[in-house]
Amino acid sequence: MKKYAILAIAAIGMLAACSKNEVAPQQPSSDDSQRQAVMFSVGSPVAVASKSTGTVGGLQGNNNWAGQTLYVFGYESDVTDFSTGEAGAFIWHVQTTAPATGEKDVISVMNADPLGDGSVGQTPEPYYYANGDVLYDFYGYHIDDAYDGGAAPAPVAEADRVYVPFHINGGQDLMVAKADPAIDVVGTDLEATPEYAYSAYAARKGVQPTLQFRHELARFTFKIQAGAEGAEDFQVSAIRLQSKTHGNLVVVAQPGADNDNLGVQDVTGDPEWLSLQQKGASGSLEQLAPKAPLAFGEDPTEIGESILVLPGEATYDLEVEVIPTDPTITTPIDALKKTLDIADVTGGDPDATAFEAGKSYEVTIKVLGINEVEISAALTPWEDGGKTEVDFDEQPTPRN
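Residues numbered from 1 in each chain as written. Predicted model: local features only at pLDDT ≥ 70, side-chain atom pairs only at ≥ 80, totals over all residues. Heavy atoms only, no water.

Participant: Lay out the overall build of the chain with the relevant residues and their values.
Facilitator: A tally of helices and strands in the chain yields 2 helices and 23 strands. Counting all 400 residues of the chain, 48% fall into the buried class. In the chain, the proportion of contacts linking residues at least 24 apart, taken out of those at least 6 apart, comes to 77%. Taken as a whole, the chain presents about 18200 Å² of accessible surface, with 46% of it coming from carbon and sulfur. (Helix = DSSP H or I, 4+ residues; strand = E, 2+ residues; numbered from the N terminus. Buried < 20%, exposed > 50% of the residue type's maximum accessible area, 1.4 Å probe, protein only. Contact = heavy atoms within 4.5 Å. Areas by Shrake-Rupley, 256 points an atom, 1.4 Å probe, with all protein chains shown as cover.)

See below:
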């Protein structure tokens, strides 16, 4: 008799980067005659996604940009009411493109209306800092194609924030960024005085804004493994996680502790099933192709790309479907349903009470026999612009 399948669950993850708050004291006004352009760069992408391609990088260390679409905002730092939208912004929702390759590079943020009158035929120019005692804050975000309610992202301006409504499908990466003067002044003449950035004065000292994007979703990757003889005769045909999917991505706000006022807020609606997909030949996501594990005794093998969900839950419902490779077996196999619980995660923070943004949880699906389930869990890092090798087969410390 053929053995029917199923599953063991392992989970792992790591926290992404954060940023600090700016202050804006009186700025030195010497040498104000030279006009200074705002020159943006982006930091290592921390496994961002391009349109409908899931995450780029992650556990394998390939954290390079690949031409993703980004959006940039700029405000004078003393602005406290954002409700006027574009009228009150220095830079309002300018679309730009991440570098084609590489971890960090300059990006082009151009002013399509340098005359400020909306006339056609103008030659785009960089944005220029105002001379004198003027400081700026700069923000960015990446939303993939998860924007809700139109053919393009539509920022909503309120008194205390600017946000973009979203609806995720499991294959998109949401990210936000705010330039941090304390980071950008390192190695410059303003290293001891980050309060002078960002300004024309600081630009003359070589200080320009870097947008370091951080993850706003939790990421689940998957592997499959034969847990019994004959298990390779079955294929995993679908993997789904249940998550809420609607909310607002806050992309501009007054400084808060570690910019925790930015990011995913106002989550609404009932949970939806989000399906694991795979990358096609073009690099876009497509429906998952059924895949069998390697023979019994072999290591787990990866399946699909990843599922990105809204963080903050202690549990997520998991559903797995398997089908036989033998076409003569026609008896339906019910989908296996299981709960992923943060309490089952090992190798991470033992006090964690919820799955977190910026962490990647690796789920191993072990094909065993009909209605048999095993659960195990372990933690590995979702890289922050570097390369990490994780080896769980560690030697114990010898006794003395």
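Participant: An account of the sheet that holds strand β4 (residues 105-107) is needed here, citing residue identities and associated values.
Facilitator: The 3 strands lie next to each other as β4-β1-β11, forming an open sheet whose pairing is mixed. Strand pairing shows two members of the sheet lacking a second neighbour, β4 and β11 (210-211), which therefore form its edges. In the sheet, strand β1 (residues 40-42) pairs with β11 via 2 bridges, with the strands oriented parallel. Along β11, the bridge assignment pairs Ser41 with Thr210. (Pairing = 2+ DSSP bridges.)

Participant: Give me the pattern of salt bridges: which residues, what numbers.
Facilitator: The tally for this structure, following the rule as stated, stands at 9 salt bridges. Between Glu158 and Arg161 there is a salt bridge, with the nearest N and O atoms lying 2.9 Å from each other. A salt bridge links Arg161 to Asp266, with the nearest nitrogen and oxygen atoms 2.9 Å apart. Taken as a pair, Arg161 in strand β9 (residues 161-167) and Asp266 in strand β16 (residues 263-268) lie far apart in primary sequence, 105 residues in all. A single salt-bridge network, built from bridges that share partners, covers Arg240, Glu319, Glu321 and Lys337. (Salt bridge = Lys/Arg side-chain N within 4 Å of Asp/Glu carboxyl O.)

Participant: Could you give me a rundown of the packing of aromatic side chains, with the residues and numbers involved?
Facilitator: Enumeration over the complete set of coordinates arrives at 18 aromatic pairs. Summarising the aromatic geometry, the rings of Phe355 and Tyr361 are spaced 4.7 Å apart at their centres and angled 80° between planes, so their arrangement reads as edge-to-face. Accessibility expressed as a relative area gives 1% for Phe355, which makes it buried. By way of ring pairs, the aromatic residues Phe40, Phe90, Tyr127, Tyr129, Tyr136, Phe138 and Tyr198 are connected into one cluster. Its end group placed over the ring of Tyr128, Arg35 keeps NZ or CZ at 3.6 Å from the ring centre. (Phe/Tyr/Trp six-rings, centres within 6.5 Å; stacked < 30°, edge-to-face > 60°. Lys NZ or Arg CZ within 6 Å of the ring centre and 35° of its normal.)

Participant: Just give me the short version of the pairing of strand β15 (residues 246-253), but keep the residues and values in it.
Facilitator: Within β15, 7 of the 8 residues are buried, leaving the element largely enclosed by the surrounding structure. As paired elements, β9 and β15 share 7 bridges and run antiparallel to each other. Each bridged residue has a counterpart across the sheet, and for Val164 the counterpart in β15 is Leu249. As paired elements, β15 and β16 share 4 bridges and run antiparallel to each other. Following the sheet pairing, Asn248 is matched in β16 by Gln265.

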